[in-house]
Amino acid sequence: MSTVKVTIDGITVEVSPAATVLEAAKVAGVDIPYFCYHPHLKPAGLCRMCLVEIEGMPKLAPACVTQVRDGMVVYTKSDKVRKAQEGVIEFQLLHHPLDCPICDQAGECALQDITFRYGKATSRFIEEKELYPTKFYGPLIVHEQSRCILCKRCVRFSTEVMGGADWNVYWRAAHSIIGAYEKDVVANYFTANLVEVCPVGAITSRLYRYKTRIWKLEFSESVCPNCELACSVDLGVRENRLYKVKHNNPHPTPWMCDKAYFAFDYVNHSERIVWTLKREGDKMVSVSSSDAVSEIASRLSEYRGKIGFVVDASVSFEDALKVRALAEALECRDCDYRVYGEDYLPLEGSVKSLSDIESARAVAVFCGDVGISHPVLALSMAKAKMAGTKVAVVSSFDTYLGERATEYIVPLPSKEADCVEALLDGSYRDDLGVDKSEFERVLEIVKEAEVFVVGTRADAYLRNRIKGFAEGAGKKVLFLNTGSNALGMCRAGLFSEGVGNILEKVKAGELKALFVFNADLFNTYPNRELVKEALESVEFMVVSDVFFTDTASYADFFLPATTFAEADGTVFDLFGNERKRKRVVVPTEDVKDISAWIELIADAGEISLPDVQEKEPSVAVVEKKAEPLDGKGLEALVVFPFYRSALYSNWCSKFSEVSSSPVVHLSLEDASRLGVSKGDKVVVESSGLKFEFEAALEEFLPEGACVLEAGFDRFPVTALLKGSWLTKVEIKKA
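The following paragraphs examine the structure supplied in this document. (Residues numbered from 1 in each chain as written. Predicted model: local features only at pLDDT ≥ 70, side-chain atom pairs only at ≥ 80, totals over all residues. Heavy atoms only, no water.)

### Here's the deal with the overall build of the protein chain
So, point 1. Assigned secondary structure in the protein chain consists of 21 helices and 33 strands.
So, point 2. Taken over the C-alpha trace, the protein chain has a radius of gyration of 28 Å; the compact-globule value for 734 residues is 27 Å, and the two agree within 12%.
So, point 3. Along the first, second and third principal axes, the C-alpha set of the protein chain runs to 85 × 65 × 55 Å.
So, point 4. For the protein chain, the proportion of its 734 residues judged to be buried stands at 58%.
So, point 5. Here the analysis covers contacts within the protein chain between residues at least 6 apart in sequence; of these, 71% occur between residues at least 24 apart.
So, point 6. If you sum the accessible surface of the protein chain, you get close to 30,600 Å²; carbon and sulfur atoms cover 48% of it.
So, point 7. Here the protein chain carries 86 positive and 107 negative side-chain charges, and the mean point of each set is 5 Å from the other. (Helix = DSSP H or I, 4+ residues; strand = E, 2+ residues; numbered from the N terminus. Rg over C-alpha atoms; globule rule 2.2 N^0.38 Å. Buried < 20%, exposed > 50% of the residue type's maximum accessible area, 1.4 Å probe, protein only. Contact = heavy atoms within 4.5 Å. Areas by Shrake-Rupley, 256 points an atom, 1.4 Å probe, with all protein chains shown as cover. Lys, Arg positive; Asp, Glu negative; His and termini not counted. Charge placed at Lys NZ, Arg CZ, Asp CG, Glu CD.)

What follows is the structure, encoded as structure tokens:
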């Protein structure tokens, strides 16, 4: 039977035999109130708010867990149902604080709405309510147990979607409480969903708390700027100020990561530069944008053919095309977006949606921390694993997916690519430095895998190797890139021989001028010394950015740039789909997007901008790199921790506060040898430079390897690097 007929309040509908009464009621347009039900979680039947009367059944039945049958007749507004609804609400309100005037959830609270529609106007409860203290779980969320109705949505998200977390129900019966048992800080990459699934004001955001009322915000749909998933988000604006980011459209999944939810307040930051600046001696002074544009335009004729252009991969496709148009008009070829030193361009994969991964029997993930670079993708794979998909991870450092995977190999950073090649070859080698039995278990999943996911640490050679292997074996492959619009940058033709090559040419005097858009090279490029030498050598430099960064301190002109919320634009997501950003905040007069600045410069200098179109990259055969690590000590992989990896994270107050100090991750063996315990201060030294970190001990890290966290303001860890994110360091206890 493909469908069954169900009559609800006199309305007959045809639905799937697997549907519940609640789902059938939605098809019929009949409203059934509920608290615990969530369309993307398994039904639980906990709150009993959705009780309905069904012909032939002696008792009321919960609509969210009762499966339909052919000919079923349901009543949702009978006297028995109405009385039950009033009773459930009365019990929910027995100890619930009636603090709607000060509760942040007011206006979007299910308990508030349902009480007005289905509850009684008065309460019979006159005794003192039981109250619990407010719990601040770190900088992101606040939990008020007194408001909790024990619907367990947050707990079910943690267990069903995330695959387990320290967030559950503790104690029993009337003494039941929800929260973290062992942690005072809850920040698990997807903490935002605890706030979003809560139907009352029990879990709220500290970033939004007491800022404004939900009904005062005007929401517009846009996309998140933090990774290639380009998740749909609703931006809540009041009086030209961005207050809230929500995820109401389940694209590509119904869940969002903490970058999207918490890392947006830089848009409103008081340290934003909103005036055009010009260098006068050692100082930057404010000038009119027209004067700055005229001076920049007049200088460009001096440097025709000798200008480099560096653009961060988060800018829009239209802006990238405009940068290329200016470069071509000035006869310049050195344009690139790979500010993190990547040597690869986006390769087109055969995975077209997350469902390709979630429906696969087995998935293999290589060379990267997907939880940091593409969080929602990692969440989808963790969820798929719980549903039966085998997930194998081969990564020198993985903070989220590895511990949830079916099998996880952790080679030394220098052996990561070799380990992947050995898996492709199907044979174990002694020089890999990993356990043979673990390797063979991963190899079985690699053979069975229908999808390969290639992380951001895989270089151009390895990507081409994996692509060729996957095509020959009939497997799908998904290549991950750094930056939220890397594919758009590539399609716009904004690539040459790499940012490192541009910096070398500037240092050598082959390029005399430099334009840098939305990038702080001191923070992103893995060779701080080269960046410094290049910027000290450049004759003329223009920086357009949101904040006055270390890179901007070398500029002759600073042009204030728009954020993702202040300009319309197109980006291309991980699967090649075109997505639209929307302008929801009107910037001040001097703040302009890249396209606007370039058009003004071109008009002032009477430069005719060509009409440039998409450009197909030529995929060259890349030789395997042999780069032995120099120096003594441990192999050190430098990474950006999750809560320092969002756009302008140092200007995102609550988000960046989670990672308050830089950490070095050590293996248990190396920590024991060094006499280091968790939380100890250690000194990391290389090439005469010293940095102090806090130690964290990791059971999965192999002996001889460590991981250094970067991305902290005024903590230039990139000074240890010479073009690669891997180096050698010596560590001792402080």
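Once the structure has been displayed, the description carries forward.
### Structural notes on empty space enclosed by the protein
So, point 1. For the structure on display, the rule yields five cavities of 30 Å³ or more.
So, point 2. Within this model, the largest cavity holds a volume of roughly 220 Å³.
So, point 3. Lining of the largest cavity is provided by 18 residues; of these, Asn518, Thr562, Thr563, Phe564 and Arg581 occupy positions nearest its centre.
So, point 4. Residues of the lining of the largest cavity, tallied by class, amount to eight nonpolar, six polar and four charged.
So, point 5. Across the lining of the second largest cavity, the residue classes break down as 11 nonpolar, one polar and two charged. (1 Å grid on protein atoms, 1.4 Å probe; cavity = no way out; pocket = protein on both sides within 12 Å on 5 of 7 lines; lining within 4 Å. Points joined across faces, edges and corners; volume = space filled by probe spheres on them. Nonpolar A, V, L, I, M, F, W, Y, C, P; charged D, E, K, R; others polar.)

### Quick notes on the packing of helix H4 (residues 153–161) against helix H11 (residues 375–386)
So, point 1. For the pair H4 and H11, interaxial distance at closest approach is 8 Å and the crossing angle is 80°. By the angle between their directions, the pair H4 and H11 is classed as roughly perpendicular. Seen from H4, the contacting residues are Thr159, Glu160 and Val161; seen from H11, they are Leu379, Lys383 and Met386.
So, point 2. The residue makeup of the contact of H4 with H11, split by class, is three nonpolar, one polar and two charged. (Axes fitted to C-alpha atoms, helices over the stretch in contact; angles between N-to-C directions. Parallel < 35°, antiparallel > 145°, perpendicular 65-115°, else oblique.)

### Notes on the pattern of salt bridges
So, point 1. Under the criterion given, the structure shown has 39 salt bridges.
So, point 2. Between Arg147 and Glu144 there is a salt bridge; the shortest N-O distance is 3.7 Å.
So, point 3. By relative accessible area, Glu144 is classed as buried at 12%.
So, point 4. Close ionic contact of Asp550 with Arg528 constitutes a salt bridge, the shortest N to O distance being 3.5 Å. Residue Asp550 is found in the loop between strand E24 (540–545) and strand E25 (557–560), and its partner Arg528 is found in helix H18 (residues 528–537); the two are separated by 22 residues along the sequence.
So, point 5. For Asp550, a relative accessible area of 41% translates into the label partly exposed. (Salt bridge = Lys/Arg side-chain N within 4 Å of Asp/Glu carboxyl O.)

### Considering the sheet that holds strand E2 (residues 11–15)
So, point 1. Overall, mixed pairing links the five strands, which are arranged E2-E1-E5-E3-E4 in an open sheet. Since the sheet does not close on itself, it has two edges, and those belong to E2 and strand E4 (61–62), each with one partner.
So, point 2. Sheet analysis places strand E3 (residues 51–54) next to strand E5 (residues 72–75), joined by two bridges and oriented antiparallel. Bridge pairing in E5 links Ile54 to Val74. (Pairing = 2+ DSSP bridges.)

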